[in-house]
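# Coordinate analysis (summary)
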Amino acid sequence: MALSCRNAARISLATLGGHAAEAERLELESHLASCGRCGGDHESLLWVRHLRAYQPDPLSSTARDNIRRALFARTVNPATPRRRLVWPVAVACAGMAVAAMVGLSILQRQPYRVLGGDVVAASANPKDATAPVRFQATAGGRVSLGVAVADLARDTELSWVRSKQVLTLVRGTVTVDVEHQNGRHFEVRGHGFTVEVVGTRFTVESTGVTTERGVVRVLGPDGQLLRRLGAGESWHQQVDEGHQVSLLQPAAAPAPAAPRAGTAGESFARPKDSGPSLTARLDLARHALATGDAGLARRLVSPLFRQSHGTAVEARVLFAESFLVEGRYADAIDAYRLVARDFPRTDQAETSLFTVAQLQCEHGPGPEARGALRTYLTRYPHGRYAREAGDRLARLPSVD
Amino acid sequence: MNRVEAQQKNVFLVPNAEDVSLVGGCRAGERSSLELFFRTHAPYVERVVTRLVGPTSDLQDLVQTTFIEAIQSFGRYRGEASLKTWVTRIAVHVCMHHLRAGVRRPVPLELVPVAHEPEDPTPRADGTLSMRQLARRLYDLMDGLSPKKRVAFLLYVVEDYSLEEVAALTGASRAATKSRIWFARRELLAAVKNRPDLRAFIQSLGGAESWR
């Protein structure tokens, strides 16, 4: 096989250094005879051989004597081997530096941080943890509140008291993602109810709450437990008038909400109806998604999660799609994964898995995208999207 | 065993009994051991330093610095390599430090090209002097390289160390060493192309045919 120019250059170097084998030298000679450029390069470096031939004069005996005298004139104290303390000391210093930085960051940590959107924050005294901070968003935005991240929907206003870890919804809709911390609670107050959480993600509107992950407790104004909500469940107050509530409580099959003592005026948004009303609700949710009202779509489908199998899977798919409409891709991926996990034998499960892979690919062709495509192909090697998934996997850049 | 293997064996050789006893004596500060250590390794250290730095008036200082470093570091000698390898590594680091500092003392008078020296680079009757002149000019060319590339290239090509040995002596990975040598070659090629006088000089010495 003919030698490539790159290999020829490598062997040329090895030849100059005397590292090349005889066979390699012959191969190189053959290549140099036919390749003018490599031949020229090789000749241009042949002067190195003159350096090899150059024998420098040794130091004179006088110079060596001088060195010897200088060496012995110095105080040599090499008797005890020293422990190698460089690494322990370096690690200790690095640890102290990190601890100092963490301490400083804790001391100087702001009570909140606006992460995006057009959120305006206002506080009478930002350094006072007991003073409420008001957040207003016209087009929506995101705020970090220490252990929680709040996504403000359009035209939303919040009030935040850091010392009490209480977020009050003044108007609009907020989705809160709370990081679990032992012994610390977090509250979001709506109109006439309070949502108490430990670690979860949920959406609070003026009329109710929808839980996406974890568990929350809904408390009445008097602190009495109204409802404990698991993932995918929702709770809404009953309001006599208003378009949204009328959608939640279709006239065709009104939910027979039984008011409880001390909780007058509230009902659970889990309809006991069936048949056409469920279909109508799904249709309404689809219509809401088509018009871009993802929040309404979620409110419509959330109560259907525990309905019959076919209805529930449709509701969960629409729930996931609502995040896509809002551009919340991470949430959409989570929701689609839940569909694939909870309804593994359905067509929607296959579609959901492929959608997850597509979303991962569109938002960074990293290992996650590769993993998602492989997961799909492993589960559905002859699936409806197998060919496309294979093509996408082949197009992803190699990580090896 | 070919030359490369022999060299490898030499560098990666574990310390022998003589080394061990010599190190013991040096650690104890015995003058005879230190004297023996210096006498044994001085010629070799001189050679390595001259190869890496080139003709320089700093040779004596560099050799002295190498031995001072070695004597002060006997406490840290862990016996993972032969004494020769260990002292060579110290010499390499001393040279790299010297090259990095970029301090150049005036070269000895005999190595400075005389102003009226004829430009015709044909070998003179005094072959040694011509070789020195050539060496001076070739090391001038090397001055364009960074110390890391220069040392890696010279150890590999001129001193015949293998890639692994160069990596061990310079404290770099094998890949980094290979990369340094490769880039040094590329930069030297570019430099030679920009120096037609040097090229003519080398060709006049018959270098072009010597590889065949």
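Quick note: structure is the one above.
These remarks concern the structure in this document. (Residues numbered from 1 in each chain as written. Chains lettered and ligands numbered in written order. Predicted model: local features only at pLDDT ≥ 70, side-chain atom pairs only at ≥ 80, totals over all residues. Heavy atoms only, no water.)

### Focus on the overall build of chain A
The helix and strand tally for chain A stands at 14 helices and 16 strands. Looking at the 400 residues of chain A, the share that counts as buried comes to 44%. Pairs at least 24 residues apart make up 44% of the contacts formed inside chain A by residues separated by at least 6 positions. For chain A, the exposed surface amounts to about 21,200 Å²; the carbon and sulfur share of it is 54%. (Helix = DSSP H or I, 4+ residues; strand = E, 2+ residues; numbered from the N terminus. Buried < 20%, exposed > 50% of the residue type's maximum accessible area, 1.4 Å probe, protein only. Contact = heavy atoms within 4.5 Å. Areas by Shrake-Rupley, 256 points an atom, 1.4 Å probe, with all protein chains shown as cover.)

### Looking at the pairing of strand β15 (residues 234–237) of chain A
Residues and elements named next belong to chain A. Burial of β15 is two-sided: the residues Ser234 and His236 facing one way and the residues Trp235 and Gln237 facing the other way are all buried. As defined by bridge partners, strand β12 (residues 208–213) adjoins β15 across three bridges and the pair is classed as antiparallel. Within β15, the residue paired with glycine 208 across the bridge is histidine 236. (Pairing = 2+ DSSP bridges.)

### Looking at the pattern of salt bridges
Under the defined criterion, the tally for this structure stands at 25 salt bridges over all chains. For the salt bridge of glutamate 46 of chain B with arginine 64 of chain A, the shortest nitrogen-to-oxygen distance reads 2.7 Å. Taken together, the positions of glutamate 46 of chain B in helix α3 (residues 31–53) and arginine 64 of chain A in helix α5 (residues 61–73) put the pair across two chains. The network of salt bridges with shared partners includes Arg134, Asp155, Glu157 and Arg171 of chain A. (Salt bridge = Lys/Arg side-chain N within 4 Å of Asp/Glu carboxyl O.)

### Quick look at the nonpolar core
Trp47 of chain A together with Phe37, Phe74, Met142 and Phe153 of chain B are the most contacted members of the largest nonpolar core, which totals 79 residues. When residues no more than four places from it in sequence are discounted, the contact partners of phenylalanine 37 of chain B are Leu22, Cys26, Phe67, Ala70, Phe74, Leu83 and Val87 of chain B. The next biggest cluster of nonpolar side chains, apart from the first, holds 36 residues, and it includes Leu278, Val301, Phe305 and Ala332 of chain A. (Core = buried A, V, L, I, M, F, W, Y, C linked by side-chain atoms within 4.5 Å.)

### As for helix α9 (residues 294–301) of chain A
Of all eight residues in α9 of chain A, seven are buried, a share of seventy percent or more. For α9 of chain A, every residue scored as buried is listed here: Ala294, Leu296, Ala297, Arg298, Arg299, Leu300 and Val301 of chain A.

### Section: the sheet that holds strand β6 (residues 156–161) of chain A
Residues and elements named next belong to chain A. With mixed pairing, eight strands are arranged side by side in an open sheet as β2-β3-β6-β7-β9-β10-β13-β14. Among the strands making up the open sheet, the edge pair consists of β2 (120–123) and β14 (225–229). In this sheet, adjacent strand axes meet at a mean angle of 20 degrees when their direction is disregarded. (Axes fitted to C-alpha atoms, helices over the stretch in contact; angles between N-to-C directions.)

### Re the interface of chain A and chain B
Many structure descriptions define interface size as the accessible area lost when the parts assemble. The interface of chain A with chain B comprises 46 residues on the first partner and 57 residues on the second. For the pair chain A and chain B, the summed buried surface comes to about 5,100 Å²; carbon and sulfur atoms form 65% of the total. For the chain A face of the interface with chain B, the top three residues by lost area are Trp47, Tyr54 and Phe72 of chain A, together amounting to 14%. Applying the counting rule to chain A against chain B returns three salt bridges. Linking chain A with chain B are six residue pairs in polar contact (both at pLDDT 80 or more). For the side of chain A that touches chain B, the secondary structure elements donating two or more residues are α1 (5–16), α2 (22–34), α3 (36–44), α4 (48–53) and α5 of chain A. If you tally residues by element for the side of chain A that touches chain B, the top one is α5 of chain A, at eight residues. (Buried area = accessible area lost by both parts, 1.4 Å probe. Polar contact = N/O pair within 3.5 Å; in protein donor to acceptor, adjacent residues only side chain to side chain.)

### A look at the packing of helix α11 (residues 329–342) of chain A against helix α12 (residues 347–362) of chain A
Residues and elements named next belong to chain A. In contact at an axis separation of 8 Å, α11 and α12 are set at 150 degrees when each is read in the N-to-C sense. Comparing their axes, α12 and α11 come out roughly antiparallel. Note that α11 runs across α12; the crossing there is left-handed. Packed against α11, whose contacting residues are Tyr329, Ala332, Ile333, Tyr336, Arg337, Val339 and Ala340, the element α12 presents Gln348, Ala349, Ser352, Leu353, Thr355, Val356, Leu359 and Gln360 at the interface. The residue makeup of the contact of α11 with α12, split by class, is ten nonpolar, four polar and one charged. (Parallel < 35°, antiparallel > 145°, perpendicular 65-115°, else oblique. Left-handed = near helix turned anticlockwise from the far one by under 90°. Nonpolar A, V, L, I, M, F, W, Y, C, P; charged D, E, K, R; others polar.)

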